[in-house]
Amino acid sequence: REESASPCARDDSLAADESAAEAEQHAALMRAMLLFPQVLRPLLGAVGINLDAPAPTDSPCRSTWAALLGRPPFHGFAAFQHRAHCVPHAMLGDAYVASCSSLWRGDQNLAWLHACAGRLAQMHESPLFEGELSGARRQWSESRLRFDRTLADYADFVVAEVTEERRVPRLWARALDNNIQEAEAAVNDWERAGTGMAGGATA
């Protein structure tokens, strides 16, 4: 006979799950800044941050934003941009700043952003971590991405169309229409194939 878990065990399990989820969030933010460090400076500008002001009180890193932006991976990032898609990545970064910068306002959000940026800069001071991170960035910059075909369409993308009102840019609307048309055509083909098979079965 199995006994139900005690309240303490359930609390410990919940705390472990929350800790794991929090660690995943930190890792995701640091990965985003590692691969797209060029987005950080315009994001801070859009939020209205004084780069020379003291570090956020709740951040464990005490460097100013200006000091962090002068250190890897935020300094010298051009050598690690994606070889084939650096232009669409730059436009998407500008679009993110235009549409989502308001989400980063608030002391708690900015302290989290600063802490993760500080941790990345600190890791680059270690020869071991710096080598691993630089190697990962270099490998990514030369890799084939899952959205290669989609990114190629961004030659027509206009960053000025993106606003905080979340209006869909014309490029995205056109891509959505094309996807819908392709899906409808696939359904029609499937239905015609099904009708032909049914006719053959009754002949």
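All values reported here derive from a predicted model rather than from experimental measurement.

Draft legend 1. Structural view of empty space enclosed by the protein. As enumerated under the stated definition, the model contains one cavity of 30 Å³ or more in all. Taken as a whole, the largest cavity spans an internal volume of roughly 50 Å³. Lining the largest cavity are Leu34, Leu35, Pro37, Gln38, Phe77, Phe80, Gln81, Arg137 and Trp140. In the lining of the largest cavity, the residues fall into six nonpolar, two polar and one charged.

Draft legend 2. A look at the packing of aromatic side chains. The full count for this structure, using the stated rule, is two aromatic pairs. Where Phe36 meets Trp140, the ring centres are 5.4 Å apart and the plane angle is 85 degrees; that geometry is what we call edge-to-face. Of this pair, Phe36 sits in the loop between α1 (7-35) and α2 (40-47) while Trp140 sits in helix α6 (residues 127-141), and the two are 104 residues apart along the sequence. Geometrically, the ring pair formed by Trp104 and Trp112 is stacked, given 5.9 Å between the ring centres and 25 degrees between the ring planes. The side chain of Arg137 reaches across the aromatic face of Phe80, ending 4.1 Å from its centre.

Draft legend 3. The arrangement of α6 in detail. When the terminal C-alpha atoms of α6 are compared, their 21 Å separation across 15 residues agrees well with the 21 Å that a helix rising 1.5 Å per residue should span. Listing the buried residues of α6 in full gives Leu133, Ser134, Arg137, Trp140 and Ser141. Each buried residue of α6 sits inside an arc of 125 degrees when the element is viewed along its axis, so together they form one side. Summarising the geometry of α6, the exposed residues directed more than 90 degrees from the buried face are Pro127, Leu128 and Gln139.

Draft legend 4. A look at α2. All of the buried residues in α2 are Leu40, Leu43, Leu44 and Val47. For α2, the buried positions fall inside an angular range of 95 degrees around the axis, keeping them on one side. In the stretch just after α2, Gly48 is the one whose phi turns positive, near 90 degrees.

Draft legend 5. Seen up close, the layout of surface pockets. Of the pockets and cavities examined, the largest pocket occupies roughly 530 Å³. If you go around the largest pocket, you meet 19 residues; those closest to its centre are Ala32, Phe36, Val39, Gly93 and Tyr96. Going through the elements one at a time, α1, α2 and α4 (86-100) are the ones with two or more residues in the lining of the largest pocket. Each residue belonging to the lining of the largest pocket can be placed in one class, and the counts come to 16 nonpolar, two polar and one charged.

Draft legend 6. Here's a closer look at the environment of Asp107. With respect to the helices and strands, Asp107 occurs in helix α5 (residues 107-123). Sequence separation between Asp107 and Ser59 is 48 residues, and the spatial gap between their C-alpha atoms is 9.9 Å.

Draft legend 7. Representation of the packing of α2 against α5 in the model. Interhelical geometry of α2 versus α5 gives an angle of 160 degrees and a closest axis separation of 13 Å. In this view, α2 runs roughly antiparallel relative to α5, as classed from their interaxial angle. Here α2 runs over α5; the crossing is left-handed. Facing α2, whose interface residues are Leu40, Leu43, Leu44 and Val47, α5 presents Leu110, Leu113 and Ala117. Among the residues forming the contact of α2 with α5, the class breakdown is seven nonpolar, no polar and no charged.

Draft legend 8. The arrangement of the environment of Arg138 in detail. If you trace the backbone, Arg138 turns up in helix α6. Taking the C-alpha atoms as reference points, Arg138 and Ala79, separated by 59 residues in sequence, lie 8.3 Å from one another.

Draft legend 9. Seen up close, the nonpolar core. Met33, Leu40, Trp65, Phe74, Leu113 and Ala117 are the most contacted members of the largest nonpolar core, which has 24 residues in total. When residues of this core are traced back to their parent elements, those giving at least two are α1, α2, α3 (65-69) and α5. In terms of residues, this core owes the most to one element, α5, which gives seven residues. Apart from residues no more than four positions distant in its own chain, Met33 is found in contact with Leu40, Phe74, Leu113, Cys116, Ala117 and Leu120.

About the thresholds
- Residues numbered from 1 in each chain as written.
- Predicted model: local features only at pLDDT ≥ 70, side-chain atom pairs only at ≥ 80, totals over all residues.
- Heavy atoms only, no water.
- 1 Å grid on protein atoms, 1.4 Å probe; cavity = no way out; pocket = protein on both sides within 12 Å on 5 of 7 lines; lining within 4 Å.
- Points joined across faces, edges and corners; volume = space filled by probe spheres on them.
- Nonpolar A, V, L, I, M, F, W, Y, C, P; charged D, E, K, R; others polar.
- Phe/Tyr/Trp six-rings, centres within 6.5 Å; stacked < 30°, edge-to-face > 60°.
- Helix = DSSP H or I, 4+ residues; strand = E, 2+ residues; numbered from the N terminus.
- Lys NZ or Arg CZ within 6 Å of the ring centre and 35° of its normal.
- Expected span 1.5 Å × (residues − 1).
- Buried < 20%, exposed > 50% of the residue type's maximum accessible area, 1.4 Å probe, protein only.
- Arc of directions from axis to C-beta.
- Axes fitted to C-alpha atoms, helices over the stretch in contact; angles between N-to-C directions.
- Parallel < 35°, antiparallel > 145°, perpendicular 65-115°, else oblique.
- Left-handed = near helix turned anticlockwise from the far one by under 90°.
- Contact = heavy atoms within 4.5 Å.
- Core = buried A, V, L, I, M, F, W, Y, C linked by side-chain atoms within 4.5 Å.

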